[in-house]
Amino acid sequence: MPGHLETLLAFDRQYQRDQQQSPVFLHRRDRRYALDSGEGQAPDIARWLTQLHAIGSHTADRPDFPEIRFWRRFSTGFITAGALLGVITMSGLLFYEGGQQINVTVILGFVLLQLLLALYTAVQGLAGWQPWAPVIHGLQQRLQKQQPSPALAPLLGPMMTRTAQAAGLVFGATALITLLLSVVFQDLAFGWSTTLETSAEAWHRVVSWVALPWSGWLPVASPSLELAEDTRFFRLEGSEAGTASARWGEWWPFVAMTWLAWVILPRALLLAVATVDLRAKGRSALTQHPGYQALLWRMETPSVDTGADTSDSGQLPEDHRSATVTVPHAPLAVSWAGATADGLLAGVDRPLPRAGGAQSLQADRDTLAQLAEQMTAGHRQLVVVTRSWEPPTAELEDFLEDAREQLPGVTITLLPVAGDPAQRPNDQQLGQWLRFAERVGQGVRVAVAETQEATHGVH
Amino acid sequence: MVSTDQTPVFAVVGHPNRGKSSVVATLSQNDRIAIALEPGTTRESQRYPLQVDGRTLYTLVDTPGFQRPRRVLEWLESHSLSASDRPDTVAAFVHQHRDNPRFRDECELLAPIIDGAGIIYVVDGSVPYTAEQEAEMTILRWTGQPSLALINRIGSDDHTASWQSALGQFFQIVRSFDAVRAPFEQHLGLLKAFGQLRPDWEQPLEAATGFLTRQREDRQWRSAQLITEALIGMMTHQESRTLPKNLATPGSDSREALEARLRERWYQHQREREEKLRKDVEALYQHHQIARQEAALSWHHDHDLFSEETRRAWAVSKTYLATAGFGAGAVGGVGIDALTLGHSLGAGALIGGLLGAAGSYFYGDRLAIRALSLGSLKGAGDLQTATFGPVQDLQFGYIVLGRAVDHWWHISQRNHAGRDPLELPPSESHWLETLGADTRKALQRALTRLRKNRKLNQGEQQELEAAVQSALEGYNRWRLESTA
């Protein structure tokens, strides 16, 4: 199960990849996932990513994130440094004055400083201050040779806080271990001293407040007023004379408990707070991610496919076509599907016989028989007048075939006529007739009447 | 004969070139369907299912046109004894002639009908009614399937009335539908009419129209997001280049050349980003084949993004800017009043408003771009960065927005049967002034922030998206009112 940071980075990576995909595909993919998961279920991004990953590759390996690697290395380094510093600091506190007593006041001051630092780190993390961000960015760029993912930007503060609190905790722990080892292996002499004019009673009150959390159940770690009076020392006067040497060592349980209660425990608590905060901000960063709302929308919205991606036969007409001819003089003529050719056929003055359209097939056959009777040796031209805007159909093709059988040796010319017979049919309409003539073959031609040509010339 | 499958299927049939494919293209939102194919070359039926989450709600079948209706009718009449056997006779015709190339088209178009498809018979209402198509209509009536006739006007003449009375004798329902120009509401109305053909088709068609309506709403919302993203990107875009420190000293030729180069790249980027927005919106509405006649992306073209004419058409008046600026500034000023718990007696809002109005008035004057600025590159002592942009002009935002909204409107209103180039002439009026005060303020506020090169947080971006969404609705209203 990947952590929330890995989930966020994996989501961001998937989001970047999805930018290249078509929205229709993304919608279909994510809606499919939502339907498979069950309607009304809150989307589990980690599962969604796992499914995408499982479908997208043959291995179930978890993806590698350089940002996470960097943070692991950085945190390990920081925590190790904290551990070393803990040993060094405690050693310094215990031994900085050589043969003199160890001043408990100094240790208390240091504990207070640690407490303040821990609180400052927590406040900084919660408030989102990032004064150290340029250092981290610089380090990251130097080590990874690439820009860190912008998806992690809102988490940089909480991540740094958690790392700092963890390092602080380890610092406190190694310092305490150093103290306990020193107690065992060394003869430590604690005392207290201050430049301020204060009485042992006042100082004892301060110490009692510090020891309040454990004074009830661990009296040995709660110094008495006598111990405070007995172990005060002054730098410039020998004070050892009136004090039993054993008393100098009685302070160590108090020092150890102070360190545990006021350095280690606050750090542990604040580390827990930082971890919870990082988790919450990680979840929030995911829901605030620009791709998240879009993903939710894709999962919730039914994918409607209207068939827009289905392409049809794509059989577009070819562009090349033959040229038109002039209308033959005094031909045999027939009106196809109600077309009229008023004044367009020279030498034809009677009404044209009809074929096609609403007529029966038998009527077409009768028309052809009538034309066969009219055909003479000198009249072997048949003009079929059609409506230019009507598409030529297979019925016309059948009629032409029948005409060739009934009128042997006849030359067939199609004459497409526009709605206004005086107008030349437009090129698009004429084109379909030329292509039809080419498909039919057998010498079928397409004519444009002279008056039509003239009109075309004027226009 | 009747299909056991409950999913309605509608066979779109008719005489060749009567707009069958136009109807299918519009209803299936598919602009890849080749319209006005050569009659006789479309030999196979093509199915266009409407699927919601993989579940088919209905299927449209685009069929080849009738080629030999009289021969088919002759065969049917010679093989039928009474009206009761007509549907079986049609089925027998299809089985008999399935492999006959002469009747391939008829078999293709009749096959889905004898399998239970409803009939959508398409005629061209711009040509006069003649009895020539009665053979086709008779064959369709013989199938006994529920049928609807659709008068689709391809040309400019109107013979709808004569068609209506003739078709009424053959078909249960007769509707007029202009596949190229019918608004979306009519598409839904037509689909609902399909549902009335059989009682058990009503529910899936009703569901389909519901999904299509929601899809349209979603598309508008997504368009607003796309426009917002483009607007933010274009308002804040900056061109930058890294170069040696001594290369761009003030007043030198190299500096001017650098500025000119960066300026040109900046302009180019803006044009490309706008073009990408166009394509994204078109893809969202499934328009893949649009020939757009907006403007060539050339310098100072009449309709180009940066031309004076474009500015005159899409920019807003200075009074508008000042008014909207006052509103947006006042909203900020209210914060001062809130901080003083009202002790400033509204003076904060007034001062904020005046500052906003003055700023908008001043900055809305000319196309100002933050010109070349040079800065040192961190960590590289002998290098520096030269940047050009972002734009300082509020009007630029309004121009981008106006053009984007106008393009969206044309695309959202365009039917997929349309094959004419999309023309986007500049608008004459200031449509923005018809928007609500809140929308105008939100737009002004966001554009002012972007002009100052400040990033919008998520809430502000959502507010801008909502304002753009309102702008889309307002523009649509304004267009409908101005064309009414």
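Residues numbered from 1 in each chain as written. Chains lettered and ligands numbered in written order. Predicted model: local features only at pLDDT ≥ 70, side-chain atom pairs only at ≥ 80, totals over all residues.

Chemist: Is there a simple way to explain the overall build of chain A in this structure?
Modeler: From N to C terminus, chain A includes 16 helices and eight strands. Each of the 459 residues in chain A was classed as buried or not, and the buried ones make up 32%. Expressed as a percentage of contacts within chain A between residues at least 6 apart in sequence, the contacts between residues at least 24 apart total 82%. (Helix = DSSP H or I, 4+ residues; strand = E, 2+ residues; numbered from the N terminus. Buried ≥ 20, exposed ≤ 12 C-beta atoms within 10 Å, placed from the backbone. Contact = placed C-beta atoms within 7 Å.)

Chemist: Sorry, what's going on with the overall build of chain B here?
Modeler: A count of helices and strands for chain B gives 15 helices and 11 strands. Looking at the 484 residues of chain B, the share that counts as buried comes to 43%. Considering only contacts within chain B whose residues lie at least 6 apart along the sequence, 74% involve residues at least 24 apart.

Chemist: Hey, could you run me through the sheet that holds strand β5 (residues 147-152) of chain B in this one?
Modeler: In sheet architecture, strand pairing relies on hydrogen bonds along the backbone and comes in two forms, parallel and antiparallel. Spatially, seven strands are ordered β3(A)-β2(B)-β3(B)-β1(B)-β4(B)-β5(B)-β6(B) in an open sheet, and the strand pairing comes out mixed. Looking at strand neighbours, the two that pair on one side only are β3 (304-305) of chain A together with β6 (173-176) of chain B, the edges of this open sheet. With six bridges connecting them, strand β4 (residues 118-124) of chain B and β5 of chain B associate as parallel partners. Note that in β5 of chain B the partner of Y121 of chain B across the bridge is A149 of chain B. Contacts between helix α4 (residues 104-114) of chain B and the sheet are confined to β1 (9-14), β3 (55-62) and β4 of chain B, with β1 of chain B contributing the most and set at about 150 degrees to the helix. (Pairing = 2+ DSSP bridges. Axes fitted to C-alpha atoms, helices over the stretch in contact; angles between N-to-C directions.)

Chemist: Any chance you could explain the domain arrangement of chain A here in plain terms?
Modeler: Where interface size is given, it is often the accessible area lost as the parts come together that is meant. When its domains are assigned, chain A resolves into domain 1 (66-298) and domain 2 (332-458). On a C-alpha basis, the centres of domain 1 of chain A and domain 2 of chain A stand 105 Å from each other. (Domains from an automatic or database assignment.)

Chemist: Explanation requested: helix α14 (residues 437-451) of chain B in the structure shown.
Modeler: An α-helical turn contains 3.6 residues, so a residue and the one three or four places further along point in the same direction. Residue and element names in this part refer to chain B. In this model α14 runs 21 Å from its N-terminal to its C-terminal C-alpha over 15 residues, within 8% of the 21 Å that 1.5 Å per residue would give. Here α14 has its buried residues at R440, K441, A442, L443, Q444, R445, A446, L447, T448, L450 and R451. Just beyond α14, the residue with positive phi is N453, at close to 60 degrees. (Expected span 1.5 Å × (residues − 1).)

Chemist: Is there a simple way to think about the environment of V111 of chain A in this case?
Modeler: Residue and element names in this part refer to chain A. Within the secondary structure, V111 is located in helix α5 (residues 104-127). Overall, V111 belongs to the partly exposed group, with 19 C-beta atoms counted inside 10 Å. Note: C-alpha distance between V111 and P290 (179 residues apart in sequence) is 45 Å. Among all residues touching V111, those that are not within four sequence positions of it are T258, W259, W262 and V263.

Chemist: What exactly am I supposed to notice about the sheet that holds strand β5 (residues 354-355) of chain A here?
Modeler: Residue and element names in this part refer to chain A. Spatial ordering of the open sheet is given by β5-β4-β6-β7-β8, a layout of five strands whose pairing is parallel. The open sheet has two edge strands, β5 and β8 (445-446), and neither has a second partner. Across four bridges, strand β4 (residues 332-336) lies against strand β6 (residues 381-387) in parallel orientation. Pairing of V334 across the sheet is with V384, part of β6. Contacts from helix α15 (residues 427-440) reach β7 (411-417) and β8 within the one sheet, and its direction differs from that of β7 by about 160 degrees.

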